[in-house]
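Now for the letters of each chain:
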Amino acid sequence: MPEPVADPADVPSDRTPSDELTRATAALAATAAQLRERGEQAGGTAAEVLDALAMMAEDPALAADVRHRIEDGATAEYAVHAAMATFRDMLVGMGGYLGERAGDLDDVARRAIAHLQGRPAPGIPQSATPFVLVARDLAPADTAMLDLDLVLALITTDGGPTSHTAILAREKGITAVVGAAEAERLRNGDLVLVDAENGEIELDPPQQRIDLALQRTATLEAIRAQSSGPGRLADGRAVPLLANIGSVDSAREAVARGAEGVGLFRTEVLFLGAEAAPSVEAQAATYREVFAQFPGQKVVVRVLDAGADKPLAFLTDAGEENPALGRRGLRALVAHEHVLRDQLTALAQAAAETDALVQVMAPMVSTAAEAQYFCDLAHELGIAVAGVMVEVPSCAIMADHVARNADFMSIGTNDLTQYVFAADRLLGTVAAFQNPWHPAVLRLIESVGTAGAAHDVPVGICGEAAADPLLAVVLVGLGATSLSMSSSAIADVRAELALHSLDDARRLAALAVSAESAETARRAVLDASTHP
Ligand code: PEP
Ligand code: MG
């Protein structure tokens, strides 16, 4: 994936205005032609959208603005950039449908500027043959839009295993390896084997390795096809397998993949582009649509977790130096309590109108007092069951007190791991720390499990750790009473749980917590399990 195109600087041109004008005109014409060609390849509504973009590139008013700027001494690059920006602001000012299209102009501008700079067009490359996409990182929107018939696998050089790119890739079932800095050396046309299970990339694999990979894929498919029904241990003990979702579409996907409900509904994902807080009515309508997919089943909704890599314009303080340690999650909601009240009201309304068993939890709870505050407010506004996420170490350490103030606890292993190791989950250079197999993380989970059992408070897991089949067994051994994951992982986890009794899970968990490192913990469990 080509590097993003930077905004050109306003420097004086060293060409004649007539040269610059010829360049700009040619770049805009080439961009329009390129967009139309892509549209023809794609067909359907994509063709209409791309044709509309091509028309923007050919707009006479835009061409006139570019010409004026060039006559005033601008480079073709800057003239195109500035004229498009003016056009964009005008559309934003109009609001409505045209306002929503304003972002498309940035795409047109970047394409034209890339053309002027002699660089490949930005965005996901076009190709008639399926390929492995190698990128520095992808915006969540790009990941969500990937054409799975074309993109066989995704490799990013930045990001960690629990960055939201990785989470979305997992949700879509894309084979992905993230934070692989060495992938910078890969070139177009290289043959690579992407082994997401082990986080490895192999350049020019011999035929024997390719055969082995195909065989392993077929075995996994067969295991998945055989496993169905609710999650159970070998001794029959139920471990509900729930889905992590972030949209109406992913709710449908969860149902299709046999989720027994939802263990984490990331509501902030719905509002990532919103400038203002959504109304109670608009929220209730979306929640109803999601809840309606799960009659008689549990749906655990997380109130807005804004901040860090998921800033929301109406909740996030811009300019914090360390947003992961800043006013994010519940802290931001406390500072804007009307937003929290509106959301809880909308959730209570939607819950009353559907048959889903709705529970609500708060993200980034750090103290027992915060747990009390949130659960009291949720109950006051009509939420029957209110709990907290345990993802800040202080909350895990104080779990016995937190458990007294909450109806349930749900451990977010992604943030818990980032905060235990003080290692940014988005940063490729410290991605090796982001390993929930580490006993430092497992010991905290164990103390939450123990507190939950002592106070008869259910303990769910909703971080990515629950999607690792063998680790899922360990988590149950540590006291997890339900597991929530990307729905693409449910079949694998279900199959693995069925191989172990609770005693077995506890024995494996004890081995893991007493190990010295993540690697030795995993190895010890792997060696001691009756894994085929
Ligand atoms: C977590 O932190 O583990 C979690 C589930 O929440 P998110 O990944 O959305 O931060
Ligand atoms: Mg989290």
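Given the structure is predicted, the values throughout are model-derived calculations rather than measurements.

Cut-offs used in this document
Residues numbered from 1 in each chain as written. Chains lettered and ligands numbered in written order. Predicted model: local features only at pLDDT ≥ 70, side-chain atom pairs only at ≥ 80, totals over all residues. Heavy atoms only, no water. Salt bridge = Lys/Arg side-chain N within 4 Å of Asp/Glu carboxyl O. Donors = N, O, S within 2.8 Å, 3.2 Å for Na, K, Ca; no water. Helix = DSSP H or I, 4+ residues; strand = E, 2+ residues; numbered from the N terminus. Buried < 20%, exposed > 50% of the residue type's maximum accessible area, 1.4 Å probe, protein only. Phe/Tyr/Trp six-rings, centres within 6.5 Å; stacked < 30°, edge-to-face > 60°. Core = buried A, V, L, I, M, F, W, Y, C linked by side-chain atoms within 4.5 Å. Contact = heavy atoms within 4.5 Å. Axes fitted to C-alpha atoms, helices over the stretch in contact; angles between N-to-C directions. Parallel < 35°, antiparallel > 145°, perpendicular 65-115°, else oblique. Left-handed = near helix turned anticlockwise from the far one by under 90°. Nonpolar A, V, L, I, M, F, W, Y, C, P; charged D, E, K, R; others polar.

### Remarks on the pattern of salt bridges
Right, on to step 1. Within this structure, the stated rule accounts for 26 salt bridges.
Right, on to step 2. Counted as one network, the salt bridges with shared partners bring together Glu 268, Arg 302, Asp 305, Lys 310, Arg 328, Asp 415 and Arg 425.

### What to know about the coordination of the magnesium ion (ligand 2)
Right, on to step 1. Within the first shell, the magnesium ion (ligand 2) binds the protein through Glu 391 (OE) and Asp 415 (OD), at distances of 2.0 to 2.1 Å. Taken together, the residues Glu 391 in the loop between β10 (385-390) and α15 (393-397) and Asp 415 in helix α17 (residues 413-421) connect sequence positions 24 residues apart. Exposure class is identical for Glu 391 and Asp 415. Each is buried.

### Thoughts on the packing of aromatic side chains
Right, on to step 1. Inspection of the entire model under this criterion finds three aromatic pairs.
Right, on to step 2. Taken together, a centroid distance of 6.2 Å and an interplanar angle of 90° make the contact between Phe 265 and Tyr 287 edge-to-face. Of this pair, Phe 265 sits in strand β7 (residues 261-266) while Tyr 287 sits in helix α11 (residues 280-291), and the two are 22 residues apart along the sequence. Like Tyr 287, Phe 265 is buried.
Right, on to step 3. With a centroid separation of 5.7 Å and an interplanar angle of 35°, the aromatic rings of Phe 421 and Phe 433 are classed as tilted. Taken together, the residues span a long stretch of sequence, with Phe 421 in helix α17 and Phe 433 in the loop between α17 and α18 (439-455) at a distance of 12 residues.
Right, on to step 4. Residue Phe 433 is classed as partly exposed on the basis of its relative accessible area of 43%.

### Structural notes on unusual backbone geometry
Peptide bonds are trans in most cases, and residues, glycine excluded, mostly fall at negative phi.
Right, on to step 1. You will see that Ala 422, though not glycine, has its phi angle at about 50°, which is positive.
Right, on to step 2. With respect to the element layout, Ala 422 can be found in the loop between α17 and α18.
Right, on to step 3. Of note in this structure, Asp 456 is not a glycine but carries a positive phi near 60°.
Right, on to step 4. Looking at the secondary structure, you find Asp 456 in the loop between α18 and β12 (459-461).

### Some details on the nonpolar core
Right, on to step 1. If you look at the biggest cluster of nonpolar residues, it comprises 97 residues, and the most contacted ones within it are Phe 291, Phe 374, Leu 475 and Leu 483.
Right, on to step 2. Apart from residues lying up to four places away in sequence, Phe 374 is in contact with Val 303, Leu 330, Leu 340, Leu 344, Val 360, Met 361, Ala 362, Ala 386 and Gly 387.
Right, on to step 3. Counting residues in each nonpolar core, the second largest holds 30 residues, with Leu 50, Leu 62, Ala 79 and Leu 116 among its members.

### Here we look at the environment of Val 457
Right, on to step 1. Along the chain, the position of Val 457 falls in the loop between α18 and β12.
Right, on to step 2. Taking the C-alpha atoms as reference points, Val 457 and Val 358, separated by 99 residues in sequence, lie 17 Å from one another.
Right, on to step 3. Once residues lying within four places of it in the same chain are set aside, the contact partners of Val 457 are Ala 403, Ala 406, Asp 407, Phe 408, Met 409 and Gly 452.

### Quick look at the packing of helix α21 (residues 502-514) against helix α22 (residues 518-528)
Right, on to step 1. Between α21 and α22, the shortest axis-to-axis distance is 8 Å and the interhelical angle comes to 150°. It follows from the interaxial angle that α21 and α22 lie roughly antiparallel. Relative to α22, α21 is oriented so that their crossing is right-handed. Between α21 and α22, the residues in contact are Arg 507, Leu 508, Leu 511 and Ala 512 and Ala 521, Ala 524, Val 525 and Ala 528, respectively.
Right, on to step 2. Looking at the contact of α21 with α22 residue by residue, the classes come out as seven nonpolar, no polar and one charged.

Functional significance is not addressed by these values, which are geometric in nature.
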